[in-house]
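# Topology and contacts: notes
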Amino acid sequence: MRLRDPRALFGLTVLAAVAIAAIAAPVVTAGNPNAQRDIVATRFLPPLTADLHGTFHPLGTDRFGRDVWTRLVYGARISLGVGLLAVVISVAIGTAVGAAAGYLRGWPAMGLLGFTDFALALPRLVLLLLLAALWQPSAALVVVVLGLTGWMPIARLVHGEVRGLAVRPFVEGARALGARRARVLWRHILPNALTPVIVAAALGVGNAILLEASLSYLGLGVQPPTASWGSMIASGRDTLVNAPWVVTAPGLALVLVVVACTLLGDALRDALDPGAAKR
Amino acid sequence: MLRMLWQRALVGVAVVTGVVTLTFLLLHAAPGDPAERLLGPAAAPQQVEAVRHALELDRPLTVQYASWLRRFVRGDWGTSITTGRPVGAMLRAAWPATARLVALSLLLSYALGLLVGAVQAARSRARLDTTLSVATVTLFALPGFWLGLMLIMVFTYWLRVLPAFGAAGMDADFLSGWARIADQLRHLALPLLTLTLIGVGGTARFARGAILDVLAQPFVAAARAKGVSESRVLARHVLRNALGPMLILLGLSLPALFSGAVLVETVFAWPGVGRVMVEAVQSRDYPVVMAATAVSALLVVAGNILADVLAAWADPRVRGAAREA
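Computed from a predicted model, the values in this text were never measured in an experiment.

In this section: the packing of helix α13 (residues 244-272) of chain A against helix α7 (residues 144-158) of chain B. The interhelical angle for the contact between α13 of chain A and α7 of chain B, taken along N-to-C directions, is 140°, at an axis separation of 10 Å. Taken together, the axis directions place α13 of chain A and α7 of chain B in an arrangement best described as oblique. Once α13 of chain A is placed against α7 of chain B, the crossing between them reads as left-handed. In this structure, α13 of chain A contributes P244, V247, T248, G251, L252 and V255 of chain A to the contact, and α7 of chain B contributes W146, L149, M150 and M153 of chain B.

What follows is the structure, given as structure tokens:
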């Protein structure tokens, strides 16, 4: 991929900056995201003010006097982490199912494809609500739920690629040399089938981050006082009038990260798929 | 074509049955008992047992499942555990609000999205295209519930021009004629704007891609070489062919008419299906959850079939392929 593509450059820069801030959270913030001091004196401080203790709040404080910037950066750990892990699960399941369905013949392939179509027809949001509401809500549950409900499009993609690659001459060549089926699939077919998966994964991370925020907003995801961007928006919605910054900051962060993922995905698709690059 | 539809319908019935079974198992495998929730922590064990018996929760799972399925197919969707009202009546009462909101926003998103996408494709790679791309990507990335809150902040709290909650004002029953319609439109404005802004982001991106795909086809070059004017090429040759994928997408959004606005409905306290579903899930209202899931799954399957039919209608080549299959 050429880094001259402004979309890729923007996406990578934003994601790298957010990831570094999230990893270095104790360094770039005041520390504990749940720290409360004198709640009356320090709550609802507007951005760019200092409290009585002399602590500076670049993005102000919420109704418990917690520093919004600190919560935003620690929330990035949850939001990015949940998004990434969920997509890792989706990609792993999707690639396994898609590759098996594309490479096997007869009823096992039919069964896997049928199962994928079945899972694709499940109403995802209903399923998310159900799964998240029925068990004790937590970040880990959100990861598993998003991962288990997001693998189907990837399985479809991999299936199509593998079917196409399996009849290509270099695969026949590997077979003719006596390579075992598993080895042909693992060494020759899969590495060539992963291009669309990378694109889907980049777009999927953005989508997963949005869904995590949605679940947390409904109170079915990350539980307070833990900061995630969705739970921050949920906790700030009652104070929209007195403290609009509590809702605004995590929302802008969400939009920025999701835009970065989408642009990166678009740029990757154009770079990896010469057919579409003409656009 | 008809044979294909039959096959699809059969597969669809299997999928819906699967979804319903899965939901049933998930509901009953999860910890938490609706009887205990209903009665609260102070209930005596005998009371809980009595309610469990009344709700048939003490019978074997297979028996519960079979009896639910039999009654559902007959149209008896049971009564809500929390409200005591018939589930069918609850969903029927909530549905029009969701359908009105989502149908209008779909209409607007598709019209605007097609327009923006066409303008972008016609000016591909120019500055206008880039600017619009940045705009549509941003709209596409907006979380609906957050955009809703932002719009409430601006239009309700700062400008004080539009209401933020519900589908009608508290005084709606005393209004008449035009005042009543104006009141409903004012309540519709913010949720509709939220859904439409996000929708346009997606449809415009999709339309731009679909139109560019068609523009790269040889028949477009042929039409231009024949000397057909550029506007006629776009209208007759390109848009006509790009409509197929757009119609497929529209067919796939059929289920949204029932449950497509869960979060936005929650933000705006819109009295629709989404809100009923969120509340039912949170209170373990088994009959409501089961019925809503079944209807959602039915609509997903119907939407898929509708998308295929629309695609065949828009593109004779697909029709031919279906006949051969």
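The subject of this paragraph is the layout of surface pockets. Residues and elements named next belong to chain B. Each pocket or cavity is described by its volume, and for the second largest pocket that value is around 350 Å³. Of the residues forming the lining of the second largest pocket, the biggest block, four residues, is contributed by helix α4 (residues 61-73). When its residues are assigned to classes, the lining of the second largest pocket shows 11 nonpolar, five polar and two charged. Residues from two domains meet in the lining of the second largest pocket; each of domain 1 (2-30 + 95-324) and domain 2 (32-76) gives at least three.

So, about the interface of chain B and chain A. Contact with chain B, which involves 42 residues of that partner, is made by 37 residues of chain A. Summed over both sides, the interface between chain B and chain A buries roughly 3600 Å², with carbon and sulfur atoms accounting for 81% of that surface. The interface formed by chain B and chain A contains one salt bridge. The shortest N-O distance in the salt bridge between R205 of chain B and D266 of chain A comes to 2.9 Å. When residues of the side of chain B that touches chain A are traced back to their parent elements, those giving at least two are α1 (2-29), α6 (127-141), α7, α8 (178-215), α12 (262-268), α13 (273-282) and α14 (286-314) of chain B.

Quick look at helix α10 (residues 181-193) of chain A now. Listing the buried residues of α10 of chain A in full gives V184, L185, I189, L190 and A193 of chain A. Against the buried residues of α10 of chain A lie α4 (68-103), α8 (152-166), α9 (169-176) and α11 (195-217) of chain A.

How each quantity is defined
- Per-chain numbering applies: the sequence of each chain, read as written, is numbered from 1 onward.
- Starting at A for chains and at 1 for ligands, labels are handed out in the order in which the entities are written.
- The model is predicted, so local features are restricted to residues of pLDDT at least 70 and side-chain atom pairs to those at 80 or more, both for listing and for counting; the totals for chains, interfaces and linings are taken over all residues.
- To obtain the side-chain values, all non-hydrogen atoms of the structure were used and water was disregarded.
- For helices, the axis comes from a line fit to the C-alpha atoms of the stretch in contact; other axes are also lines fit to C-alpha atoms, and the angle between any two N-to-C directions lies between 0 and 180 degrees.
- Runs of E in the DSSP output that reach at least two residues are strands. Runs of H or I that reach at least four are helices, and both are numbered from the N terminus.
- Should an angle fall under 35 degrees it is taken as roughly parallel, and over 145 as roughly antiparallel, whereas 65 to 115 is taken as roughly perpendicular and any remaining angle as oblique.
- Handedness of a crossing follows from how the near helix is turned relative to the far one, being left-handed for an anticlockwise turn of less than a right angle and right-handed for a clockwise one.
- Contacts are residue-level and defined by heavy atoms, with any inter-residue pair within 4.5 Å sufficient.
- Lining residues are those with an atom within 4 Å of a point, where the points come from a 1 Å grid over the protein atoms alone and group into cavities, where a 1.4 Å probe fits but cannot get out, or pockets, open sets with protein on both sides within 12 Å along at least five of seven lines.
- Grid points are joined across faces, edges and corners, and a volume is the space filled by probe spheres set on the points.
- Here the term charged refers only to Asp, Glu, Lys and Arg, the term nonpolar to Ala, Val, Leu, Ile, Met, Phe, Trp, Tyr, Cys and Pro, and the term polar to all other amino acids, Gly among them.
- Either an automatic procedure or a domain database provided the assignment from which the domain bounds are taken.
- When two components associate, each loses some accessible surface as probed by a 1.4 Å sphere; the sum of these losses over both components is called the buried area.
- Put simply, a salt bridge is a Lys or Arg side-chain nitrogen that is within 4 Å of an Asp or Glu carboxyl oxygen.
- Relative accessibility decides the category of a residue: with a 1.4 Å probe and only protein chains considered, values under 20% of the type maximum give buried, values over 50% give exposed, and everything between is partly exposed.

So far we have only geometry, and geometry alone does not tell us how the molecule works.
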